[in-house]
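Architecture and fold: a report
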Amino acid sequence: MARTVTKLADGRELIYFDAGPDAPPRTAVDRRPLDRAAPASEVRLDPATGAWVTIAAHRQARTYHPPADECPLCPSRDGRLSEIPDADYQVVVFENRFPSLAASPGAVHPDGRVTDGGAAGADPLRDARPGGGRCEVVCFTADHDVSFADLDEDRVRLVLDAWTDRTAELSALPEVEQVYCFENRGAEIGVTLAHPHGQIYALPFTAPRTARMIEQAGRHREATGRNLFEDLLAAERADGERVVAAGEHWTAFVPFAARWPYEVHLYPNRRVADLTGLTEDERAEFPVRYLDLLRRFDALFATPQAPGRTPYISAWHQAPGRDGDELALHLELFTIRRAADKLKYLAGVESGMDAFVNDIAPETAARRLREALA
């Protein structure tokens, strides 16, 4: 893999990832007249739940549903300048122009306040800190009209290598607690840029869902002396009813208490903390397993008149830098579509109380996904 680091016109970092020994030189310069980016955000602790909330008012001005010929994630071609200066690329990662997390001490907020971080923790009911961290965009391909499921295995491996590179580099930043790689696909999910891409958040806190997992893993360890995620994976493999696909190094299954109509968790068969812990054999098998899952999701709702493009969220769960020894790396893939013409909207009990109600039995979902490519 060739890795080329450069800067955009406003000082943001951009990294080209190219596979193979014949990677082209990446010398294109960003010629846009951009002012240096100076976003400011803040994280505030909810004293009632212990969860951190990010306040990022500057994101109201971010790009929203541009036409295809003005896509900022396409290469710079035919006189049109974009976020990627080169005329072509394989995989690109760059700092988000409208990041949720990017502030540093002394950053000025849109309302004129200055966040200095000095009073953090002084008032337990008003704990606010600079939104330090980093938000990056990952472009999977230069082709605007394809989806991740259309990529070949070599390209998926390159994306995995990019995710791993960024996990290693971002987790080493002193302000970063957890690195979260994810993809949102589909307007139904809320995606505002149609180009195939994902994001990476380098969080200055442990995400609430991760914190709950770690807490549960601690209880399981205390009760059994074993790791929760190792036991969970072993139980699903032994039972088999909810397993969608399995290989030598990875297993995909619908969880016993799935929250979403179609939800699949993909685990390496050997527990590791994060993407940097995967072996070469595990990396080599991942593209096969992941593409198979995405294509099964697309086949669920495909019709002769319309190819499947199922909206989904694909989320990597990685151990945070602190208190994460019990967490296992895994990917959670789910869709809000519950039928070809029906979406799963979060109702009051779900949005208001975080108490999910699933319309499809996990065992039924697993069976349909196993049969989707038959």
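Please refer to the structure placed before this passage.
Only a predicted model underlies this, so the values are computations on that prediction, with no experimental measurement involved. Every chain begins its residue count from 1, and numbering advances along the sequence as written. Restriction of local features to residues with pLDDT of at least 70 applies here, the model being predicted, together with a cutoff of 80 or more for giving and counting side-chain atom pairs; totals for whole chains, interfaces and linings are based on all residues. Only hydrogens and water are set aside; all other atoms, that is, all heavy atoms of the structure, feed into the side-chain values.

1. Regarding helix α4 (residues 280–300)
A rise of 1.5 Å per residue sets the reference length of α4, with its 21 residues, at 30 Å; its end C-alpha atoms lie 31 Å apart and thus fit the reference within 8%. Remark: the principal bend of α4, roughly 30°, maps to Phe 286, with a proline, Pro 287, within the next four residues. A run of DSSP states H or I qualifies as a helix once it reaches four residues; a run of E qualifies as a strand once it reaches two. Both are numbered from the N-terminal end. The span expected for a helix works out to 1.5 Å for each residue beyond the first. Fitting axes to the seven residues that end at a residue and to the seven that start at it, the angle between those axes gives the bend at that residue.

2. What about the side chain of Asp 292?
In this fold, Asp 292 is placed in helix α4. Throughout, a contact is declared for two residues whenever any of their heavy atoms are within 4.5 Å. Here Asp 292 is in contact with Ala 245 and Leu 373, once residues within four sequence places are set aside.

3. Points about the packing of aromatic side chains
A pair of aromatic rings is counted whenever rings of Phe, Tyr or Trp (Trp by its six-membered ring) have centres within 6.5 Å, and the orientation is called stacked for planes under 30 degrees apart, edge-to-face for over 60 and tilted otherwise. By the definition in use, this model includes 15 aromatic pairs. Between Tyr 180 and Phe 182, the aromatic rings sit 4.6 Å apart at their centres with planes inclined by 15°, giving stacked as the arrangement. Burial here depends on accessible area, computed with a 1.4 Å probe over protein chains only, as a share of the maximum for the residue type. Under 20% is buried, over 50% is exposed, and the range in between is partly exposed. On the basis of relative accessible area, Tyr 180 is assigned to the partly exposed category, the value being 24%. Within the aromatic cluster, the residues linked to one another by ring pairs are Phe 140, Phe 148, Trp 163, Trp 250, Phe 286, Tyr 290 and Trp 316.

4. Regarding the packing of helix α1 (residues 153–171) against α4
Fitted lines through C-alpha atoms serve as axes, helices being fitted only where they are in contact, and the angles separating the N-to-C directions of these axes extend from 0 to 180 degrees. Interhelical geometry of α1 versus α4 gives an angle of 120° and a closest axis separation of 9 Å. By the criterion of interaxial angle, the relationship of α1 to α4 is oblique. In this structure, the crossing between α1 and α4 has a hand that is right-handed. Note on element contacts: α4 touches α1 through Glu 280, Arg 283, Ala 284, Phe 286, Pro 287, Val 288, Tyr 290 and Leu 291, opposite Glu 153, Val 156, Arg 157, Leu 160, Asp 161, Trp 163 and Thr 164. We call Asp, Glu, Lys and Arg charged. Ala, Val, Leu, Ile, Met, Phe, Trp, Tyr, Cys and Pro are nonpolar, and the rest, Gly among them, are polar. Classifying every residue of the contact of α1 with α4 gives nine nonpolar, one polar and five charged. By the definition adopted for this analysis, an angle is roughly parallel if under 35 degrees, roughly antiparallel if over 145, roughly perpendicular if from 65 to 115, and oblique otherwise. The handedness criterion is simple: a crossing whose near helix is rotated anticlockwise from the far helix by less than a right angle is left-handed, and one whose near helix is rotated clockwise is right-handed.

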